[in-house]
Amino acid sequence: MKNLALATLSAAALVASANAGYVPDVISFTSLAEWQAAPSDPELNLYPDHTAQFYTEDFNISGPQSFGASSFSGGSGWSSWTATASNGSLSSTGTSIYAANSGASLDFTFTEPYSMPLGGVRGIGGGFGFRSMAGEFVPGKIWLKLSTGDSIIKTITSPQAFVGFWVADPNQVITSIRVQPLGTGAAYYSVNADTMYMGTVPAPGAIALLGVAGLAGSRRRRD
Amino acid sequence: MKAFVLFASVGVISSVASADVVPGVVAFANLKDWQAFEMDRFPSYYTVVDPLTGFKPDDYSSLSGGSGWNRWTVTAANGVHAGSSYVSTQMDGDDLLFTFTGSTSAANGLHGIGGNFGFRNEAGQFQPGKILLTLSTGASIVQNVTLKTDFAGFWMEDPNVLITGMRLQPLGNAFTANYVSVDNLYFGGVPAPGALALLGVAGICTAKRRR
């Protein structure tokens, strides 16, 4: 269920043109590979000299509580999430979660306390779409909305499709995301989430604290 | 006195109309989705496309086009180039910077923008590559362009927020000896709810005066 990975961000110098004109605050992505590479991409220069942390949620939820629930929760620490449906309950297939009613949105909230600047959920994305009663993928249009006000509308044509965001402004953080069904599919099919990818950039103070804790732990073991 | 009543009425209508709207910027990677947003969300608005075919193929320090609310100017650090149906930078690695100064009024300004973006080589042929598209509002999208018809664009959800500029930044190695370019520019303008209400109230007053 948990797949934690670390990526070191590049401290490469900013290319000369990067600061010309308008500066991004929230960047949308339609490719998982590009979303994963973004924090260490020297051209995007999101968080130079910081280390990004990733978490992958595969919604491995099973048992009697996996059908008709009022909410699901997962993750831990900064990646803690709670999912609800805008109208009615939600269920799990064991590898994805979906709103029980067609037309309902899936809402994810991230309520773990964080310190600013940095910290909190700064990157979010996933495989979102529609599923039929038989559990099969159905193409359709979704509107992915961030708490920052930024959003993307995309017609999903394959189960491998990806949509996501990174917040580039260190003073902004993602506290929620809504997966809203649009178009004709919204009337007949449930909106679902197959996989959700999350990213954070811990504040320098938090990294230093972890380092001090590690040193203290190793000294105690030596004693 | 009549004017005061008129504007007071407009203010109430505007705040009610926008009470359930969360202002933001919507990104799109598909022209049909961008056009559908117009029809679903703002049926009273209008869009135009500039095919960029009106320029003599040559190098320029800047280029301008459109008229009124969709007037645009494009620049680049080392100048821009006009092809038969596209505009590009003259130097690889340069950004294309668009400014939209046609209107400062929310009622008649620019609220939606999009285009077919990509790269051109020395021979003027389309080349795939990766682009970062950034609006004056800070909203951005990274697009891996593979076809000449690939599209990226935005709409403002809040009809009071205008788009005043856009930057096309080449990313990755694709821009080496290639020049970031645009083939078609799509513009969307949305009459503000206040302006619509004003027109409606003015129409009622005129009709009443006629009777």
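Residues numbered from 1 in each chain as written. Chains lettered and ligands numbered in written order. Predicted model: local features only at pLDDT ≥ 70, side-chain atom pairs only at ≥ 80, totals over all residues.

1. A closer look at the interface of chain A and chain B
Each side of the interface is counted separately: chain A has 23 residues, and chain B has 29 residues. Elements that contribute at least two residues to the side of chain A that touches chain B include exactly β2 (26-29) and β12 (150-156) of chain A. Counting residues per element, the side of chain A that touches chain B draws most heavily on β12 of chain A, at 6 residues. Pairing geometry for β2 of chain A and strand β10 (residues 139-145) of chain B, over 4 bridges, is parallel. Its bridge partner lying in β10 of chain B, Ile27 of chain A is registered against Ser140 of chain B. (Contact = placed C-beta atoms within 7 Å. Helix = DSSP H or I, 4+ residues; strand = E, 2+ residues; numbered from the N terminus. Pairing = 2+ DSSP bridges.)

2. Quick notes on the pairing of strand β15 (residues 190-200) of chain A
All names here are of chain A. Burial runs high along β15: 9 of the 11 residues are buried. As paired strands, strand β3 (residues 51-57) and β15 are joined by 5 bridges and run antiparallel to one another. Bridge assignment links Glu57 to a residue of β15, and that residue is Met196. Here strand β7 (residues 97-99) runs beside β15; their pairing, made up of 2 bridges, is antiparallel. By the bridge assignment for β15, Tyr98 is matched with Asn192. Across 9 bridges, strand β9 (residues 123-131) lies against β15 in antiparallel orientation. Note on β15: the bridge partner recorded for Ile124 is Met198. (Buried ≥ 20, exposed ≤ 12 C-beta atoms within 10 Å, placed from the backbone.)

3. So, the confidence of the model for chain A
A low pLDDT means the predicted coordinates there should not be read in detail. All names here are of chain A. When pLDDT is averaged across chain A, the result is 82; 80% of the residues are at 70 or more. Long-range and interchain partners of residues 1-20, a stretch whose pLDDT sits below 50, account for 38 contacts in this model, where long-range means more than four residues apart. Under a pLDDT of 50 for its full length, residues 207-223 has, in the predicted model, 2 contacts with residues more than four places off or in other chains. (pLDDT = per-residue confidence, 0-100.)

4. A closer look at the environment of Lys130 of chain B
All names here are of chain B. Structurally, Lys130 can be placed in strand β9 (residues 129-135). In this structure Lys130 comes out as buried when scored by C-beta crowding, with 20 C-beta atoms within 10 Å. For the pair Lys130 and Phe119, spaced 11 residues apart in sequence, the C-alpha separation works out to 8.9 Å.

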